[in-house]
Amino acid sequence: MTPEHLERLPRDRTVFTMVVSPIEVHGHHLPLGTDIYIAEAVRDRVVKALGERHPEVSIVILPSLHCGSDALPYPGSLSVGAPHLEGVLIDYCKGLAKQGFKYLVVFDNHGGPRHHLAISSASRKAWNKWRFQLIDPFIDIYRRMIVHDPELMSMTGLRPTECGDDPDNHAGTNETSLMMAVYPDMVLCDVREIRPSYPPELRGAAKIVDKMGRIFESLGRKRIGEDLRHLAQAMAWTGQEGFLPYMGAPALASKDSGEAMLRAHVEISLRLIERALAGDDARPAAILEALSFLRRLPE
Ligand SMILES: [Zn+2]
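Only a predicted model underlies this, so the values are computations on that prediction, with no experimental measurement involved.

Conventions used here
- Residues numbered from 1 in each chain as written.
- Predicted model: local features only at pLDDT ≥ 70, side-chain atom pairs only at ≥ 80, totals over all residues.
- Heavy atoms only, no water.
- Helix = DSSP H or I, 4+ residues; strand = E, 2+ residues; numbered from the N terminus.
- Buried < 20%, exposed > 50% of the residue type's maximum accessible area, 1.4 Å probe, protein only.
- Polar contact = N/O pair within 3.5 Å; in protein donor to acceptor, adjacent residues only side chain to side chain.
- Salt bridge = Lys/Arg side-chain N within 4 Å of Asp/Glu carboxyl O.
- Pairing = 2+ DSSP bridges.
- Right-handed = clockwise from strand over helix to strand, strands pointing away.
- Contact = heavy atoms within 4.5 Å.
- Donors = N, O, S within 2.8 Å, 3.2 Å for Na, K, Ca; no water.
- Domains from an automatic or database assignment.
- Buried area = accessible area lost by both parts, 1.4 Å probe.
- Phe/Tyr/Trp six-rings, centres within 6.5 Å; stacked < 30°, edge-to-face > 60°.
- Lys, Arg positive; Asp, Glu negative; His and termini not counted.
- Expected span 1.5 Å × (residues − 1).
- Axes fitted to C-alpha atoms, helices over the stretch in contact; angles between N-to-C directions.
- Parallel < 35°, antiparallel > 145°, perpendicular 65-115°, else oblique.
- Left-handed = near helix turned anticlockwise from the far one by under 90°.
- Nonpolar A, V, L, I, M, F, W, Y, C, P; charged D, E, K, R; others polar.

Peer 1: Any details on the environment of Asp165? Residues and values, ideally.
Peer 2: Positionally, Asp165 belongs in the loop between helix 6 (150-156) and helix 7 (173-182). You can call Asp165 buried: its relative accessible area is 2%. Residues Asp165 and Met145, 20 residues apart in the sequence, show an inter-C-alpha distance of 5.2 Å. From its side chain, Asp165 meets the backbone nitrogen of Thr161 in a polar contact 2.9 Å long.

Shown next as structure tokens:
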């Protein structure tokens, strides 16, 4: 594109899109770019569907940002601290807002807690400063996966332990299925032979965080309670000596499950974009949003 192409775009009906996910180890059966490849596939489908449903909307595809926080602490991952990610996103929003644009949709497939908090914080600041909407639909989808949201479960036909929830959180059934759907050639071995990786017993700090979550839940603070219990699971897994770089059962993956999850990603993304275009604040709240300061803790 040239500046002239950009100049001609309608300011209130142009949606910028950008993939934002880290280079991260996904077991030994999926590539380091897994989150990026999945997010790009979702983006392509959303761009196509949005163009069909709303021919009046212009869509600009920005190059993917291979950048994400809380990548699995395993050799091969390249994690970018949350303050850096947040700063880059704020500056993208600032640059677009200064030219009069209003929307940046981030496509993402990475569930790191500080990753979502960084994106959500950038989104909040862009909204407060410039009434600019930075929307990451995966923030909404990820929570639905973790809490077994009834609508997501019925949209996908998937059950707990195969929908990317805590026992299937990383390169397990869900992500392997997604890769089988988008790039089957990049599923790098016969996954039927991979043994499952199960959530460990909660100990130490993870046990305390889980207990805090249960206390919040018993006090009626369901959301923060769920969020803390999810954090406890992640801490327990990656805090183990010699943990496996995947969580879940890749052997149970299937192309059909991946297609079902992709359709849900597309549908939920479209809904959020349509709400934003209609003038509503469509920005989803991240897991641990109430404890947003956690993003400042160094990795
Ligand atoms: Zn991933």
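Peer 1: Which residues make up the pattern of salt bridges, and what are the values?
Peer 2: Tallied over the full model, the rule gives 20 salt bridges. Taking the shortest distance from any N to any O, the salt bridge between Glu151 and Arg144 comes out at 2.7 Å. Through salt bridges with shared partners, a single network forms among Asp140, Arg144, Asp149, Glu151 and Arg271.

Peer 1: Lay out the pairing of strand 2 (residues 58-61) in plain terms, naming residues and giving numbers.
Peer 2: The alternating pattern of strand 2 places Ser58 and Val60 on a buried face, while none of Ile59 and Ile61, on the opposite face, is buried. Here four bridges tie strand 1 (residues 14-21) to strand 2, and the two strands are oriented parallel to one another. Of the residues in strand 2, the one forming a bridge with Phe16 is Val60. Assessed by its sense of winding, the connection that carries the chain from strand 1 through helix 2 (residues 34-53) to strand 2 is right-handed.

Peer 1: With reference to specific residues and values, describe the side chain of Arg144.
Peer 2: Relative to the assigned elements, Arg144 resides in helix 5 (residues 137-146). Excluding residues within four positions of it along the chain, Arg144 makes contact with Asp149, Glu151, Leu152, Ile268 and Arg271.

Peer 1: Could you give an account of the coordination of the zinc ion, naming the residues involved and the relevant values?
Peer 2: For the zinc ion, the protein coordination sphere consists of His26 (NE2), Asp35 (OD) and Glu175 (OE), at 1.9 to 2.1 Å. Between consecutive donors of the zinc ion, the numbers of intervening residues give the motif H-x8-D-x139-E. Here Asp35 is found in helix 2, whereas its partner Glu175 is found in helix 7, with 140 residues between them in sequence.

Peer 1: Break down unusual backbone geometry for me, citing the residues and quoting the values.
Peer 2: Excluding glycine, residues mostly have negative phi values, and the peptide bonds linking residues are mostly trans. A positive phi angle is found at Thr161, which is not glycine, with a value near 75 degrees. Mapped onto the elements, Thr161 comes out in the loop between helix 6 and helix 7. The phi torsion at Leu288 lies on the positive side, around 70 degrees, for a residue other than glycine. Within the secondary structure, Leu288 is located in the segment after helix 10 (255-277).

Peer 1: Lay out the domain arrangement of the chain in plain terms, naming residues and giving numbers.
Peer 2: Taken domain by domain, the chain comprises domain 1 (3-190 + 254-296) and domain 2 (198-243). One C-alpha centre belongs to domain 1, the other to domain 2; they are set 24 Å apart. Counting from both sides, the interface comprises 19 residues of domain 1 and, opposite them, twelve residues of domain 2. Buried area between domain 1 and domain 2, both sides added, is near 1,300 Å², and the carbon and sulfur share of it is 71%. Counting the surface domain 1 buries against domain 2, the share from its top three residues, Arg143, Asp166 and Leu288, is 34%.

Peer 1: Outline the packing of aromatic side chains, supporting the account with residue identities and numerical values.
Peer 2: Counting across every chain of the model gives five aromatic pairs. Plain terms: the ring middles of Tyr74 and Phe243 are 5.8 Å apart, the flat faces sit at 65 degrees to each other, and that makes the pair edge-to-face. Remark: Phe243 occurs in the loop between helix 9 (222-239) and helix 10 and Tyr74 occurs in the loop between strand 3 (65-66) and helix 3 (82-98); sequence separation between them is 169 residues. For Tyr74, a relative accessible area of 24% puts it in the partly exposed group.

Peer 1: Hey, could you go over the side chain of Glu40 for me, with residue numbers and the actual values?
Peer 2: Take Glu40: it is sitting in helix 2. No salt bridge is formed by the buried Glu40; the nearest opposite charge belongs to Arg43, separated by 4.6 Å. Sequence-distant contacts of Glu40, that is, excluding residues within four places in its chain, are made with Val19 and Ser64.

Peer 1: Could you give an account of helix 4 (residues 113-130), naming the residues involved and the relevant values?
Peer 2: For helix 4, which comprises 18 residues, the first-to-last C-alpha distance of 26 Å matches the rise-based estimate of 26 Å (1.5 Å per residue) to within 8%. For helix 4, every residue scored as buried is listed here: Arg114, His115, His116, Leu117, Ala118, Ile119, Ser120, Ser121, Ala122, Ser123, Ala126 and Trp127. In this fold, the buried residues of helix 4 make contact with strand 1, helix 3, strand 5 (133-135) and helix 5.

Peer 1: Give me the lowdown on the packing of helix 4 against helix 5, citing residues and values where you can.
Peer 2: In the contact formed by helix 4 and helix 5, the axes pass within 10 Å of each other and the chain directions differ by 140 degrees. Here helix 4 is positioned oblique relative to helix 5, judged by the angle of their axes. Helix-helix and strand crossings are classified by hand; for helix 4 and helix 5 the assignment is left-handed. Judged by residue contacts, His116, Ile119 and Ser120 of helix 4 engage Phe138, Ile139 and Tyr142 from helix 5. Here the contact of helix 4 with helix 5 is composed, by residue class, of four nonpolar, two polar and no charged.

Peer 1: With reference to specific residues and values, describe the packing of helix 5 against helix 9.
Peer 2: The geometry of helix 5 relative to helix 9 is characterised by a closest axis approach of 11 Å and an angle of 80 degrees between their N-to-C directions. The orientation of helix 5 relative to helix 9 falls into the category roughly perpendicular. Along the contact surface, helix 5 presents Tyr142, Arg143 and Ile146, while helix 9 presents Arg223, Glu226, Asp227 and His230. Residue classes in the contact of helix 5 with helix 9 are distributed as two nonpolar, one polar and four charged.

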